[in-house]
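Residues per chain are reported as follows:
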Amino acid sequence: MLLLLALGSAEPVFAAAPAPAAPASTGDVKADAAAFLTLYNSLYLGQTTVSSEASWAASTDVGPATEGGRTAANQALAAFAGNLAVIERTQALLKRRAELEPLQVRELESILLRAGDAPGTLPDVVNARIAEESRLAAVQDGYVFCFTARGADGICPAGKSANDVDELLLESRDLPERLEVWEASKDIGVPLKAGLVTLQELRNRLAREMGYSSFFGLQSAGYGLTSGEMITLLDGFNSDMAPLYGALHTWATRQLAARYGAPVPTGAVPAHWYPNRWAQEWSGLVTATDLDPYFVGRTPESIVKDAEAFYVSMGFEPLPPVFWEKSDLYPVPAGQARLKNAHASAWHMNLDRDVRSLMSVEADSQWFFTAHHELGHIYYDLAYTRPEVPPTLREGANRAFHEGVGELATLAAGQVPYLQQRGILPTGAKIDPTQAMLASALEQTVAFIPWSAGVMTHFEYELYEEDLPPEQWQARWWALAGQYQKVAPPSAARLTDPALCDACTKTHIIDDPGQYYDYAIATVIKYQLHEHIATKILKQDPHMCNYYGNKEVGAFLEGILEQGATRDWREVLKEATGEDLSSRAMVAYFAPLQKWLEKENKKPVKAVARHR
Ligand code: X8Z
Ligand code: ZN
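**A closer look at unusual backbone geometry**
Here comes step 1: A positive phi angle is found at A279, which is not glycine, with a value near 60 degrees.
Here comes step 2: Mapping A279 onto the fold places it in the loop between β1 (269-270) and α11 (292-295).
Here comes step 3: Although it is not a glycine, L351 adopts a positive phi angle of roughly 55 degrees.
Here comes step 4: Positionally, L351 belongs in the loop between β2 (345-348) and β3 (355-358).

**As for the packing of aromatic side chains**
Here comes step 1: Tallied over the entire structure, the rule returns 34 aromatic pairs.
Here comes step 2: For the ring pair F316 and Y379, a centre distance of 5.4 Å and an interplane angle of 55 degrees mean the geometry is tilted. One end of the pair, F316, is in the loop between α12 (300-313) and α13 (321-326); the other, Y379, is in helix α14 (residues 365-384), and 63 residues separate them in sequence. Assigned by exposure class, F316 and Y379 land together as buried.
Here comes step 3: Relative to F369, the ring of F368 has its centre 5.6 Å away and its plane inclined at 65 degrees; by these criteria the two rings are edge-to-face. For the pair shown, F368 and F369 are each scored as buried.

**Things to note about the coordination of the zinc ion (ligand 2)**
Here comes step 1: Only H373 (NE2), H377 (NE2) and E403 (OE) from the protein reach the zinc ion (ligand 2) as donors, at distances of 2.0 to 2.1 Å.
Here comes step 2: Seen from the zinc ion (ligand 2), its four donor atoms lie at angles of 93 to 126 degrees, and the figure they make is tetrahedral.
Here comes step 3: In the primary structure, the donors to the zinc ion (ligand 2) are separated according to the pattern H-x3-H-x25-E. Taken together, the positions of H373 in helix α14 and E403 in helix α15 (residues 399-413) put the pair 30 residues apart, joining distant regions of the chain. Accessibility classification places H373 together with E403 in one group, the buried group.

**Topic: the side chain of T90**
Here comes step 1: Looking at the secondary structure, you find T90 in helix α3 (residues 84-95).
Here comes step 2: Within the structure, T90 has its side chain in polar contact with the backbone oxygen of V86 (distance 2.6 Å).
Here comes step 3: In this view, T90 contacts F36, L108, I111 and L112; residues no more than four positions away in its chain are not counted.

**Re the state of the cysteines**
Here comes step 1: For the structure shown, the criterion picks out one disulfide.
Here comes step 2: Residue C501 pairs covalently with C504 via a disulfide, S to S 2.1 Å. A torsion of 75 degrees about the S-S bond marks the disulfide between C501 and C504 as right-handed.
Here comes step 3: For C501, a relative accessible area of 1% corresponds to the buried category.

**Comments concerning the packing of helix α6 (residues 162-171) against helix α7 (residues 175-186)**
Here comes step 1: For the pair α6 and α7, interaxial distance at closest approach is 10 Å and the crossing angle is 150 degrees. Classed by the angle they form, the pair α6 and α7 counts as roughly antiparallel. Our pair here, α6 against α7, has a crossing hand that is left-handed. Between α6 and α7, the residues in contact are V165, L168 and L169 and E177, R178, V181, W182 and S185, respectively.
Here comes step 2: Here the residues of the contact of α6 with α7 sort into five nonpolar, one polar and two charged.

What counts as what
Residues numbered from 1 in each chain as written. Chains lettered and ligands numbered in written order. Predicted model: local features only at pLDDT ≥ 70, side-chain atom pairs only at ≥ 80, totals over all residues. Heavy atoms only, no water. Helix = DSSP H or I, 4+ residues; strand = E, 2+ residues; numbered from the N terminus. Phe/Tyr/Trp six-rings, centres within 6.5 Å; stacked < 30°, edge-to-face > 60°. Buried < 20%, exposed > 50% of the residue type's maximum accessible area, 1.4 Å probe, protein only. Donors = N, O, S within 2.8 Å, 3.2 Å for Na, K, Ca; no water. Tetrahedral: all angles 85-135°; square planar, octahedral: opposite > 155°, others 65-115°. Polar contact = N/O pair within 3.5 Å; in protein donor to acceptor, adjacent residues only side chain to side chain. Contact = heavy atoms within 4.5 Å. Disulfide = S-S within 2.5 Å. Axes fitted to C-alpha atoms, helices over the stretch in contact; angles between N-to-C directions. Parallel < 35°, antiparallel > 145°, perpendicular 65-115°, else oblique. Left-handed = near helix turned anticlockwise from the far one by under 90°. Nonpolar A, V, L, I, M, F, W, Y, C, P; charged D, E, K, R; others polar.

Have a look at this one:
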């Protein structure tokens, strides 16, 4: 018997044994909902665990066998999530929402949202989407970069990792070398482009089948917003930060020009000038706060342990043994043929205590911050894994909250008193507060908003909501980079080359689609939470504070995390900070910097000197 027939589907989508009995109607809608939710939750737990295990295998050991396993498991999960009986039953119960418990309503809404890209009315389209997503992820995760810089052995020396690319873009002062590496970092877009063309259509078809305006609209619905409302929200953040971004951009451009011994560009700055593949953060420009020298001699293991210690010091439990046993935390050792996904991620495998992280940690400041970020996800997962939070709601208050906790930890980890207490910065080191604020603007926030709320958000909006034709992707991508980031392609020829897809080079466009604004909203939330913690709990300057060892801060965070998605995110935020979602705290944090930048930018441009 087919499992989903038991739920009453006229169109069984996948076979699995054995079939539970369909909950009989009792005439009491609350009891009916409870029975349905119990059944749904137990099936969901099983399906999601199988899917996570298969996806984990495919992300940590890329190859056709694991890719096939991921496709099959995700198709089974989708067949369950989007089964017609599930959708119809959920919709019918929601029609009587006034009679249900608020928690039941939230659960039902989350079930409907989860069905949004897998409607059982279009099973072939769902399966095609999943197969293409799995194939594309394998292409991306198995990709090896190729550039000759720093290699002496011909056209394509041994393959390079994402870490190699990032390191070179951070360090090289040589523009031709930078250009070569930057261009090599964009080669990955070429084999990914056709897949994104397919997915643009499939994702939209499925979301529209479920009544959403587009796949972007489906993702925005996770916040209770329409596509248009989401864009308005994000544009507000862009305009709130525009004056500060403009001043920071002017300052950074002058620094980079001096660094490369090149004239200061008058308009947009070529993308290969920046220390990051997408110019999304500008590290390494403030010498006084360069932390990398302090990580020399440390081990990658100590970086992850440091991040754990941050949370444990505030009262969170040590990570469960499974985290250390099953995570994949470090680069694949030389000599091993295995390929793995290069982008950091955190996994809640069974919606219980099997939590893992996939990273490629090296002993440097970038990975120190990323490890704090990833463990933020893990501690969120652990906090809401409790009987009061049903499996369907074991998620962040919204997706941005999940990212926001990681980002908050990153902000806290960059505070000088914390770095000193942890022995990363020498206690005697005197760091000028303006320089510290400048570094945080460049590395975490001010440079990041136009990228996340501007370029990425608008591109994905146009891609899905406006069905942007593939032949316009390059031109639109760079038009947005020019408009929001003031970043230009190194050559105009990129705009018209039909093989290229520079948008496809950003991991999230491929495997975390239509939701990059999560990080922009997370950045905003992070400052709201941080201001509250610093001023109300620690009673310290938000620019020079230390969460480490403070149990009250831990309890405050736990109070947010343990709720998972059981309550509306607006209420959670208001209750925690006394305020609605607002960029006020973020703007206030950087207000002193704005004044400093304006003064600096009035100084005459230094004579161009070539530094190497
Ligand atoms: O993807 C991430 C995390 C994993 S959730 C490392 N971040 C964004 C990115 O790398 O583009 C963190 C901030 C932005
Ligand atoms: Zn994250």
